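Remarks on the overall topology
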Amino acid sequence: MESWNEKCAVVGVFNSERSAALCYYSLFAMQHRGQESSGISTSNGCDISTIKGEGLVTSVFKNGIENLVGKASIGHNRYSTAGEDSKCDVQPISARYSLGQIAIAHNGNLVNAKELRDNLISKGAIFQSYLDTENLIHLIAQSKAAKLKDRIIEALGIIKGAYSFVFLSRGKLFAIRDPFGFRPLSLGEIINDDGSKGYIVASETCAFDLINAKYIRDINPGEMLIFSIKDNEVLIDSIEVFKQEPKKCIFEFVYFSRPDSFVFNKCVYEVRKNMGIELAKEYKIKADLVIPVPDSGVISAIGYSQESKIPFELGIVRNHYIGRTFIEPTQSMRELKVKLKLNPIKEIIQNKDIIVIDDSIVRGTTSKQIISILRKVGAKKIHLIIASPQTISPCYYGVDTPNTSELISSKKNIEEVREFIDADSLYFLSLEGLYKSIGDEAKNGIGYCKACFDKEYVI
Ligand code: AMP
């Protein structure tokens, strides 16, 4: 049941003849949010068709995207999880029910998915996947409400957790963010070739840049947008389904989002650079060079180098033709992947005192391996600086973190972690430093979920 972890990308495009192609490019831009599988569902007004499969966006849609004809589409990239028959778990998922046809894509994680599923199964429902998203299809199908909108609202009242959903019916597109707004979801505008307006919703705004869409705003926590056509114009209805204090995922800034995205209305690049600046204010270390772990530590390392005036060098080179190390299910494969991915440059590192910057330590495997390869090429001293606080607690709201026992900082203090990874010194950004990096609005972390760092779970 580990597959109830969805840390993915969603996209929806409404009122464009090229809706499937625009979804495709958006999913391509958001490939970093999930590499296991991908899918697009398109409505031509009468019927919804889906193409989906395992693999990267470019391979899933190698043949056939031109068969997805229609002016509304939704799409999904799925992040991998360990040891599942994931063929059934590829999204979007679609179904026929009493009101017609529906397709859904979900980024997030429902905390009451098992309870809901057991309850639905006891009433005779048959599930085809391990996806918590499938609960929603059943709740909508079983509702007695006359309109899909009301069925969705009813289902949202039953599910609990983190979600950014896109729903496609034959004539409408629905985009919804959970009451706490854990996962991001932004709205953009498209100008079609004939001058008409279309719209896009996507997990990250880097998708908008690729297709020349204009960012309009974030969808609010607890808000549902309904896109429909009236008199040849797009109508957008906004419904405030829930109203409460947001708890946006602070880890989006640390690791998950692309630096060229605007997430929660902030430029991720600027936030990450500020983290490096804050680190340089918190920890004044004597060293010859600042070296990032590519790509996750690069921007914070630029900030650290500029603030500390210690020269920046790209002393570790990354092989880009390999996925994220976290993805592999076994420990030995993870270790091999670090070596396959990162190669230090001896001529830069040898006999130097270096500050190495990375975004986070989860299990500690990556840092230990990196320090070992840096020692092998002759680094004199290695100070590891992490651009986030210690990850002490798992995420139940859609970020793939292992359980508590595998999180190194949950059982070891900083000195013990330092010893394990074999660094000369080890430092983490303080929570206050992280709030400062995000900006004034985030003073004391109000408005953000940071349970991975402080164990304060909101649901
Ligand atoms: P570890 O070897 O488990 O300590 O992995 C830490 C590295 O994994 C960090 O440097 C991040 O770049 C990356 N990372 C952190 N969180 C995640 C996540 N949720 N999914 C994938 N990779 C992650």
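Residues numbered from 1 in each chain as written. Predicted model: local features only at pLDDT ≥ 70, side-chain atom pairs only at ≥ 80, totals over all residues. Heavy atoms only, no water.

Attention now moves to the pattern of salt bridges. Evaluated as defined, the whole model comprises 18 salt bridges. With a closest N to O distance of 2.8 Å, R33 and E252 form a salt bridge. Note that R33 is positioned in the loop between α1 (19-29) and β2 (37-43) and E252 in helix α7 (residues 251-256), a separation of 219 residues in sequence. When the shortest N-O distance is used, the salt bridge between D89 and R78 registers 3.8 Å. Highlighted residues: D89 in the loop between β4 (72-78) and β5 (93-97) and R78 in strand β4, separated in sequence by eleven residues. (Salt bridge = Lys/Arg side-chain N within 4 Å of Asp/Glu carboxyl O. Helix = DSSP H or I, 4+ residues; strand = E, 2+ residues; numbered from the N terminus.)

What holds strands together in a sheet is hydrogen bonding between their backbones, with the strands either parallel or antiparallel. If you trace the seven strands from one edge of the open sheet to the other, you get β3-β2-β4-β1-β10-β9-β11, paired in antiparallel fashion. Of all strands in the sheet, those bounded by a partner on one side alone are β3 (48-54) and β11 (214-218). For this sheet, the mean inter-axis angle between neighbouring strands, taken without regard to orientation, is 15°. With six bridges joining them, strand β9 (residues 186-191) and strand β10 (residues 197-202) adopt antiparallel strand pairing. Residue pairing across strands places I190 opposite G198, the latter belonging to β10. Sitting on the sheet, α1 touches β1 (9-14), β2, β4, β9 and β10, and the angle it makes with β4 is about 25°. (Pairing = 2+ DSSP bridges. Axes fitted to C-alpha atoms, helices over the stretch in contact; angles between N-to-C directions. Contact = heavy atoms within 4.5 Å.)

All right, on to the confidence of the model for the protein chain then. Per-residue pLDDT for the protein chain has a mean of 92; in total, 93% of the residues score no lower than 70. Here residues 1-5 is a poorly scored stretch, pLDDT under 50, and it has 19 contacts once near neighbours within four places are set aside; other chains count. (pLDDT = per-residue confidence, 0-100.)

The periodicity of an α-helix, 3.6 residues per turn, causes residues three or four positions apart to be oriented the same way. All of the buried residues in helix α5 (residues 148-158) are L148, R151, I152, A155 and L156. Along the long axis of α5, the arc covered by the buried residues comes to 140°, so they all point the same way. Each element contacted by the buried residues of α5 is listed here: β5, β6 (100-110), α4 (133-142), β7 (161-168), β8 (173-177) and β12 (223-230). (Buried < 20%, exposed > 50% of the residue type's maximum accessible area, 1.4 Å probe, protein only. Arc of directions from axis to C-beta.)

Here we take up the domain arrangement of the protein chain. Each assigned domain of the protein chain is listed with its residue range as follows: domain 1 (5-246) and domain 2 (268-448). With centres defined by C-alpha atoms, the gap from domain 1 to domain 2 works out at 33 Å. (Domains from an automatic or database assignment.)

The next point concerns the environment of S73. Note that S73 resides in strand β4. Expressed as a C-alpha distance, the spacing of S73 and I414, which sit 341 residues apart in the sequence, is 48 Å. Leave out the neighbours within four places in its chain, and S73 touches V11, G12, V13, S19, A20, C23, I40, S41, T42, L168 and L173. A polar contact is formed between the side chain of S73 and the side chain of T42, at a distance of 2.8 Å. (Polar contact = N/O pair within 3.5 Å; in protein donor to acceptor, adjacent residues only side chain to side chain.)

If you trace the six strands from one edge of the open sheet to the other, you get β5-β6-β7-β8-β12-β13, paired in antiparallel fashion. The sheet is open, and its two borders are formed by β5 and β13 (233-240), each paired with just one other strand. Neighbour-to-neighbour, the strand axes of this sheet turn through a mean angle of 20°, independent of strand direction. Both β8 and β12 contribute to a ladder of four bridges, which runs antiparallel. Counterpart to L173 in the pairing with β12 is F227. The strands touched by α5 within the sheet are β5, β6, β7, β8, β12 and β13, with β8 carrying the most contacts at an inclination of about 20°.

Attention shifts here to the site of the ligand. Every one of the 16 residues lining the ligand counts as a neighbour, but D358, D359, R363, G364 and T366 are closest to it. Within the contact set of the ligand, an oxygen atom lies 2.7 Å away from a side-chain nitrogen or oxygen of D358. Here G364 contributes a backbone N or O atom positioned 2.7 Å from an oxygen atom of the ligand. For the ligand, whose free accessible area comes to 500 Å², the fraction covered by protein is 96%. Among the secondary structure elements, those contributing two or more residues to the shell around the ligand are α7 and α12 (365-376). (Near = heavy atom within 4 Å. Areas by Shrake-Rupley, 256 points an atom, 1.4 Å probe, with all protein chains shown as cover.)

With that settled, the discussion passes to empty space enclosed by the protein. It is a probe the size of a water molecule, rolled over the atoms, that shows where empty space is left. Enumeration according to the criterion identifies one cavity of 30 Å³ or more in this entry. Approximately 110 Å³ is the volume found for the largest cavity. Along the walls of the largest cavity sit 16 residues, with C249, F251, C395, C449 and C452 positioned nearest its centre. Along the lines of polarity and charge, the residues of the lining of the largest cavity split into 13 nonpolar, two polar and one charged. (1 Å grid on protein atoms, 1.4 Å probe; cavity = no way out; pocket = protein on both sides within 12 Å on 5 of 7 lines; lining within 4 Å. Points joined across faces, edges and corners; volume = space filled by probe spheres on them. Nonpolar A, V, L, I, M, F, W, Y, C, P; charged D, E, K, R; others polar.)

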